[in-house]
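Chain residues, written in single-letter form:
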Amino acid sequence: MVKHYRPPGKKKEGNAAKFVIRSQALKQLQISLPLFRKLCILKGVTPREPKKKFKGTHQTYYHVKDIAFLHHEPLVEVHRAIRVHERKIKKAEAKKNHERANRLREKTPKPKIDRIVRQRYPRFVDALGELDDCLTMVHLFAALPASESKKIEVERVHKCRRLAHEWQAFISRTHKLRKTFVSVKGIYYQAEVEGQTITWLAPHSLQQVVSDDVDIVTMLNFLQLYEPLLSFVNFRLYHSINLKYPPILDPRLEALAADLYALSRYVSGNTRPAVLNSEALQAESEQIETKHNEAETGTEKSELRLAQLQHHLPSNEPGALMHLVEEVTGEDEEDQDTKQCKNLFKNMKFFLSREVPRESLLFVIPAFGGIVSWEGEGAPFRESDQSITHQIVDRESQGHRFLSREYVQPQWVYDSVNARIILPTENYLVGRIPPPHLSPFIDYDEEGAYIPDYAKTIKHLQAAARKEVLLLPGVGKEDLEDPQNLLVEGVIDRAEANDAAQRKQKMMILEQQYHDDLKKELQGVAHTSSASKETSTGVVQTGESTNNVQENDDDMGKLMMSRKKRKLLEAMQISNKRKQAQHDLIKQRKKKIEEAQSQRS
């Protein structure tokens, strides 16, 4: 079909009709650049990369349908109404009519994000899959100090802390935590909820300083979406274990900045508010009635709690996650990983000294079945309790030592959690240099990967805990394929070696038969059953012939691939070679260090 001539200024075609630059989008929407960025964050609109950038490479391009999607967004009208309202407030203040200005501030329209959360995450699994950045952002703002110049309000910090503690209480209560790693940036956690793997980063419990280089406005825009998202997720998760949301906490524990401890007490009590002292235990029914009466005046109570917690927020002292090991009615059947994590620290009682990272340990230890207390007011048991099995300390000088417990460093808890076994405490005693803290996010089982010595030790301890046969030094996975090597090492006897050799020979015959049939199919030659019988009874060639067959199969496989898949395969091979070069470099460095140490000794 002949393409007709298009006069200039008429209908556009190609990339010019599919994409618009940012300045064109602002003119179409008639909004400012900060509001456009905020809408893009809330609605999930991202820049695109067209094949041909018709306006230049320095421009930012968006799809026309995305801009049309924003054009019909009700939030645009809400923000326009907010801008008009701000002008009225400014005019009233200019006329010194403070009463009208205050009345207008109270009636300022507020945008609702509930509908956007529903649009972006139609299923609960979708929300869980996108929860990594949400949890990291919420935990970050939970540790930041309130600042008027940075527009970080105390109420927002308090809400982030509350959401983070509710999430941690659920993870710890249901034993969904799987991995943890302490780094310079913070502490990484990984949990598995309803088949979704969720990884987030929590900052250290230190005084945070907000730098001027950080774009706080953009982070607050993201937080505006993440707060209702995490609220919806917590609501759904708490109802899945038959708990009301939001939980009703003990005001006295909240005043002590032990809100997480109060939250966990609420979880263990099955929607019944926890009580701190024995007098309140006797008047439990009266406490429940007062809770219902106070719920009617929720606004005044929240203001009182906020005033009580204002001086506790910057220190980031959360209290404790305790009593999270009782059974909850209506809970689904636990999988194997959950059962293993639940019983790791079973029948163990921990006591935390004041110098250890309290917030992290109070979250990790109950998640793996342990009972924990700390030094301070509101703790469930004191340091003098004789039933304590482990005390976590991080200083050499101890005033009084109990012979009935072990004094270990905090790294022992994290390493035991990652290894899923109780590691020996000899290397983690107070005053000793602990072993290297290995990352659980690295797969040491990859082919050619560098395996640290302590990783090998942990692997042997895990095999011993599972009652498996430990491999002798110098016997690896490749040696298991050769029965003669295991016979020489004494791992198996001669009868087992003969059976294994026969099974290996049969597998090699079948493999050779498969390669021959594949080669004949590629050449277009029909093979018969007699040929297959001759192949099965023939002698299997090994060594160089097997390698040549493998190389020929790889070459023929590449010829059958399309250009796109072949390029992808080459990129994967280059990546594997780069990884292997890095592993070899680490091994060379380790060899040099060992030689230097041997020369010194």
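All of these numbers come straight from a predicted model, not from anything done at the bench.

Trainee: Please explain the environment of Trp 412 as it appears in this structure.
Mentor: Inspection of the secondary structure assignment puts Trp 412 in helix H19 (residues 411-419). When its relative accessible area of 0% is taken as the criterion, Trp 412 is described as buried. Residues Trp 412 and Tyr 428, spaced 16 residues apart in sequence, show a C-alpha to C-alpha distance of 6.1 Å. Once you skip the residues sitting within four places of it in the chain, Trp 412 turns out to touch Phe 345, Phe 350, His 390, Ile 422, Leu 423, Pro 424, Thr 425 and Tyr 428. Of note is the side chain of Trp 412, whose polar atom sits 2.9 Å from the backbone oxygen of Leu 423.

Trainee: Hey, could you run me through the UniProt feature "coiled-coil region" (unreviewed entry) in the protein in this one?
Mentor: In the numbering used here, UniProt assigns the feature "coiled-coil region" (unreviewed entry) to residues 75-102. A helix fraction of 89% and a strand fraction of 0% characterise residues 75-102, whose end C-alpha atoms lie 24 Å from each other.

Trainee: I keep staring at the environment of Pro 452 and nothing clicks. Help me out?
Mentor: For Pro 452, the position within the fold is in the loop between H19 and helix H20 (453-465). The residues touching Pro 452, leaving out its near neighbours within four places in the chain, are Leu 438 and Tyr 444.

Trainee: What exactly am I supposed to notice about the packing of helix H3 (residues 33-43) against helix H11 (residues 216-240) here?
Mentor: Geometry of a packed helix pair, given as the angle between the helix axes and the separation of the axes. Between H3 and H11, the shortest axis-to-axis distance is 9 Å and the interhelical angle comes to 35°. Along this stretch, H3 crosses H11, giving a crossing that reads as right-handed. Here H3 contributes Lys 38, Ile 41 and Leu 42 to the contact with H11, which in turn contributes Thr 218, Asn 221, Phe 222, Gln 224 and Leu 225. Each residue belonging to the contact of H3 with H11 can be placed in one class, and the counts come to four nonpolar, three polar and one charged.

Trainee: What is the right way to read the pattern of salt bridges from this model?
Mentor: Charged atoms that come close allow side chains of opposite charge to pair. Applying the stated rule across the entire model yields 16 salt bridges. When the shortest N-O distance is used, the salt bridge between Asp 66 and Arg 48 registers 3.3 Å. Residue Asp 66 is located in helix H4 (residues 64-71), and its partner Arg 48 is located in the loop between H3 and strand S2 (61-63); the two are separated by 18 residues in the primary sequence. We note a salt bridge from Arg 123 to Asp 126, for which the minimum N-O separation is 3.1 Å. Classification of Asp 126 as partly exposed rests on a relative accessible area of 22%. Bridged by salt links that share partners, the residues Lys 43, Glu 73 and Arg 115 form one connected network.

Trainee: What is the right way to look at the packing of aromatic side chains in this model?
Mentor: Each aromatic ring pair is summarised here by two numbers: the centre-to-centre distance and the angle between the ring planes. In the structure shown here, the tally under the stated rule is 15 aromatic pairs. Relative to Tyr 238, the ring of Phe 170 lies with its centre 6.4 Å away and its plane at 35°, an arrangement referred to as tilted. With Phe 170 in helix H10 (residues 154-174) and Tyr 238 in helix H11, this pair connects stretches of sequence that are 68 residues apart. Neither Phe 170 nor Tyr 238 differs from the other in exposure class; each is buried. With 6.3 Å between their ring centres and 75° between their planes, Phe 235 and Tyr 245 make a pair best called edge-to-face. Of this pair, Phe 235 sits in helix H11 while Tyr 245 sits in the loop between H11 and helix H12 (251-255), and the two are ten residues apart along the sequence. Connected via pairs of aromatic rings, a cluster forms that spans Trp 167, Tyr 189, Trp 200 and Phe 363. Between the NZ or CZ atom of Lys 349 and the centre of the ring of Phe 381, over which it lies, the distance is 4.2 Å. Of note, Arg 405 hangs over the ring of Phe 402, and the distance from its end group to the ring centre comes to 4.0 Å.

Trainee: What should I look at first to understand the pairing of strand S6 (residues 349-352) in this one?
Mentor: The two faces of the sheet receive side chains in turn, since in a regular strand these alternate between them. Alternating residues of S6 divide into Lys 349 and Phe 351 and Phe 350 and Leu 352, and every residue in both groups is buried. Two strands pair when backbone bridges link them, and S6 and strand S7 (residues 371-374) are joined in this way by four bridges, in the parallel orientation. For Phe 350, the partnering residue across the bridge sits in S7 and is Val 372. In terms of handedness, the path from S6 via helix H18 (residues 358-367) over to S7 forms a crossover that is right-handed. As paired elements, S6 and strand S8 (residues 390-392) share three bridges and run parallel to each other. Counted as the bridge partner of Phe 351 is Gln 391 from S8.

Trainee: Quick question: what am I supposed to make of the pairing of strand S5 (residues 196-202) here?
Mentor: The sheet contact formed by strand S4 (residues 187-193) and S5 spans seven bridges and is antiparallel. Looking at S5, one finds that Glu 192 is bridged to Thr 197. Linkage of S4 to S5, two consecutive antiparallel strands, is achieved through a turn of two residues, within which Glu 194 is found at a positive phi near 50°.

Trainee: Sorry, what's going on with the nonpolar core here?
Mentor: In summary, soluble globular proteins display a tendency toward joint burial of nonpolar side chains. Within the largest apolar cluster, 94 residues are counted, with the highest numbers of intra-cluster contacts made by Phe 36, Leu 131, Trp 167 and Phe 345. Considering each element in turn, this core owes the most residues, eleven residues, to H11. Every residue in contact with Phe 36, bar those within four places of it in the chain, is listed here: Arg 22, Ala 25, Leu 26, Leu 29, Ile 31, Tyr 62, Ile 67 and Leu 70.

Trainee: Help me understand the sheet that holds strand S3 (residues 177-182), please; the structure alone is not making it clear to me.
Mentor: What links the strands of a sheet is backbone hydrogen bonding, and the strands pair in either a parallel or an antiparallel sense. Within the open sheet, the three strands sit side by side as S3-S4-S5. Their pairing is antiparallel. Unpaired on one side and paired on the other, S3 and S5 mark the two borders of the sheet. In this sheet, adjacent strand axes meet at a mean angle of 15° when their direction is disregarded. Looking at chain direction, S3 and S4 are connected through five bridges and run antiparallel.

Trainee: What is the right way to read the sheet that holds S8 from this model?
Mentor: Ordered by their spatial adjacency, four strands build an open sheet running S7-S6-S8-S9, and the pairing between neighbours is parallel. Strand pairing shows two members of the sheet lacking a second neighbour, S7 and strand S9 (406-408), which therefore form its edges. Taking each pair of neighbouring strands and ignoring which way they run, the sheet shows an average axis angle of 25°. Each of S6, S7 and S8 is contacted by H18, which is oriented at about 160° to S7, the strand it contacts most.

Trainee: Sorry if this is basic, but what is going on with the side chain of His 79 here?
Mentor: Of note, His 79 is situated in helix H5 (residues 74-94). Engagement of the side chain of His 79 in a polar contact is seen with the backbone oxygen of Leu 75, the distance being 2.8 Å.

Trainee: In this structure, what is going on with H19? I would like to understand it.
Mentor: Count 3.6 residues to each turn of an α-helix, and residues three or four apart come out pointing the same way. In terms of burial, H19 is largely enclosed, as eight of its nine residues are buried. Where H19 is concerned, the buried positions are Gln 411, Trp 412, Val 413, Tyr 414, Asp 415, Ser 416, Val 417 and Ala 419. Trailing H19 by a residue or two, Arg 420 shows a phi angle of about 65°, which is positive.

Definitions and limits used
Residues numbered from 1 in each chain as written. Predicted model: local features only at pLDDT ≥ 70, side-chain atom pairs only at ≥ 80, totals over all residues. Heavy atoms only, no water. Helix = DSSP H or I, 4+ residues; strand = E, 2+ residues; numbered from the N terminus. Buried < 20%, exposed > 50% of the residue type's maximum accessible area, 1.4 Å probe, protein only. Contact = heavy atoms within 4.5 Å. Polar contact = N/O pair within 3.5 Å; in protein donor to acceptor, adjacent residues only side chain to side chain. UniProt positions renumbered as here; feature names shortened; annotations may be inferred. Axes fitted to C-alpha atoms, helices over the stretch in contact; angles between N-to-C directions. Left-handed = near helix turned anticlockwise from the far one by under 90°. Nonpolar A, V, L, I, M, F, W, Y, C, P; charged D, E, K, R; others polar. Salt bridge = Lys/Arg side-chain N within 4 Å of Asp/Glu carboxyl O. Phe/Tyr/Trp six-rings, centres within 6.5 Å; stacked < 30°, edge-to-face > 60°. Lys NZ or Arg CZ within 6 Å of the ring centre and 35° of its normal. Pairing = 2+ DSSP bridges. Right-handed = clockwise from strand over helix to strand, strands pointing away. Core = buried A, V, L, I, M, F, W, Y, C linked by side-chain atoms within 4.5 Å.

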